[in-house]
Amino acid sequence: MITEVAMRLYAAKKEGIIRSNAQFWREYSHGNKIAHLSVKPEKYVSEIEKAGISLICALDDGFPPLPDSKPSEKPYLFAYKGDISLLYDRANNIAVVGTLTPCPKVLRRERAAVEALTERGLHIVSGLAEGCDTAAHEECLRRGGKTIAFLPSTISNIYPKANAPLAESIVQNGGLILTEYIAEPETRYECVRRLIERDRLQAMFAGNILLVASNLPGQGDSGSRHAMEKAKTYGAGRFVLYDRTTDADDPLFALNRQLLGDGASIFTRNALNSLSYP
């Protein structure tokens, strides 16, 4: 059931009355002003029903708990399909991120890691992007697990389009797809910004994060570094796939090497026993 508050916030966001997370937390987080917003949420009921989405806002009882973070980073409204309760316990979730263009060798290593994580009963969080994200979601589903996809797009216009069937499969198999976005981006800059903003959510709702492989910034960086940086800020355990005998000179593992010098750990099957739970 969608609450009246969530509907009013949807309308306010749709109409540009609330333009940012920081504004919501500054002006509306106590709920006093929401009832007086000059909006007509009933205008959007058919739109929501047609999209087949649910809404949940920060003032709803079922909104997932948030780690300590800046108001500008804290989400306040999600459109979603699937099981929102998968976000209730960060300790049960591990984010898997990485390059958009993994080679077959990297994909084999990633799938083995996701298999081990899924067998452990963990839910796989990722961003539905091409490459490592897609492999993480697909392998989790193949192993009978539940996976969560944070979108940089609206649910009605999945990005990338090629992964729309995968998004539907995630929901049909007990998982969750969700987004902060209820309108299409107006500029290319906004498209890019949404990709970065999506990265923080993967870290925000996962107790641990695993980097499969990524170049350094400016050298083909996949953007995974944003998620890894936020994981550190939110107190999540950070792991990387890395083999010192084979990956030392491979540019595709350059970010992995850098993060090992910043406190991240090499992921092995034995590392499953040392996952940190905030």
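Residues numbered from 1 in each chain as written. Predicted model: local features only at pLDDT ≥ 70, side-chain atom pairs only at ≥ 80, totals over all residues. Heavy atoms only, no water.

Chemist: Please clarify how the overall build of the chain should be interpreted in this entry.
Modeler: From N to C terminus, the chain includes nine helices and nine strands. What you see for the chain is a C-alpha radius of gyration of 19 Å, in line with the 19 Å of a compact globule of 278 residues. Structurally, the chain occupies a C-alpha span of about 65 × 35 × 35 Å along its principal axes. By residue count, 53% of the 278 residues in the chain fall in the buried class. Taking the intrachain contacts of the chain between residues at least 6 apart in sequence as the baseline, contacts between residues at least 24 apart amount to 76%. (Helix = DSSP H or I, 4+ residues; strand = E, 2+ residues; numbered from the N terminus. Rg over C-alpha atoms; globule rule 2.2 N^0.38 Å. Buried < 20%, exposed > 50% of the residue type's maximum accessible area, 1.4 Å probe, protein only. Contact = heavy atoms within 4.5 Å.)

Chemist: What should I look at first to understand the side chain of histidine 137 in this one?
Modeler: Along the chain, histidine 137 falls in helix α5 (residues 132-142). Within the structure, histidine 137 has its side chain in polar contact with the backbone nitrogen of leucine 128 (distance 3.2 Å). Once you skip the residues sitting within four places of it in the chain, histidine 137 turns out to touch Ser126, Gly127, Leu128, Thr147, Ile148, Ala149, Leu166 and Ile170. (Polar contact = N/O pair within 3.5 Å; in protein donor to acceptor, adjacent residues only side chain to side chain.)

Chemist: Even after reading the chapter, I still don't get the packing of α5 against helix α6 (residues 164-172), so can you show me in this structure?
Modeler: Each packed pair of helices is defined by two parameters, the angle between the axes and the distance between the axes. Two elements in contact, α5 and α6, have axes separated by 11 Å at closest approach and are oriented at 35 degrees. For the pair α5 and α6, the sense of crossing is left-handed. Contacts between α5 and α6 involve Thr134, His137, Glu138 and Leu141 from the former and Leu166, Ser169 and Ile170 from the latter. In terms of residue class, the contact of α5 with α6 is made up of three nonpolar, three polar and one charged. (Axes fitted to C-alpha atoms, helices over the stretch in contact; angles between N-to-C directions. Left-handed = near helix turned anticlockwise from the far one by under 90°. Nonpolar A, V, L, I, M, F, W, Y, C, P; charged D, E, K, R; others polar.)

Chemist: Is there a simple way to think about the pairing of strand β2 (residues 77-82) in this case?
Modeler: Looking along a regular strand, one sees side chains alternate from face to face of the sheet. Bridge analysis of strand β1 (residues 54-57) against β2 gives four bridges, and the strand direction is antiparallel. Of the residues in β2, the one forming a bridge with leucine 55 is alanine 79. Here β2 pairs with strand β6 (residues 176-179) via four bridges, running antiparallel. For alanine 79, the partnering residue across the bridge sits in β6 and is threonine 179. (Pairing = 2+ DSSP bridges.)

Chemist: Any chance you could explain the packing of helix α7 (residues 188-204) against helix α8 (residues 224-233) here in plain terms?
Modeler: Contact geometry for α7 and α8: axes closest at 8 Å, N-to-C directions at 40 degrees. Taken as axis vectors, α7 and α8 run oblique relative to one another. As α7 runs across α8, the sense of the crossing is right-handed. Along the contact surface, α7 presents Ile196, Asp199, Arg200 and Ala203, while α8 presents His226, Ala227, Lys230 and Ala231. When the residues that make up the contact of α7 with α8 are grouped by side-chain class, the tally is four nonpolar, one polar and three charged. (Parallel < 35°, antiparallel > 145°, perpendicular 65-115°, else oblique.)

Chemist: It is not clear to me how unusual backbone geometry should be interpreted in this structure. Could you clarify?
Modeler: The phi torsion of most residues other than glycine is negative, and most of the peptide bonds are trans. Note the cis peptide between tyrosine 159 and proline 160, where omega equals -5 degrees. Residue position: proline 160 is located in the loop between β5 (147-150) and α6. Phi is positive for leucine 128, close to 65 degrees, though the residue is something other than glycine. The topology assignment puts leucine 128 in the loop between β4 (123-126) and α5. Residue class for leucine 128 comes out buried when judged on its relative accessible area of 0%.

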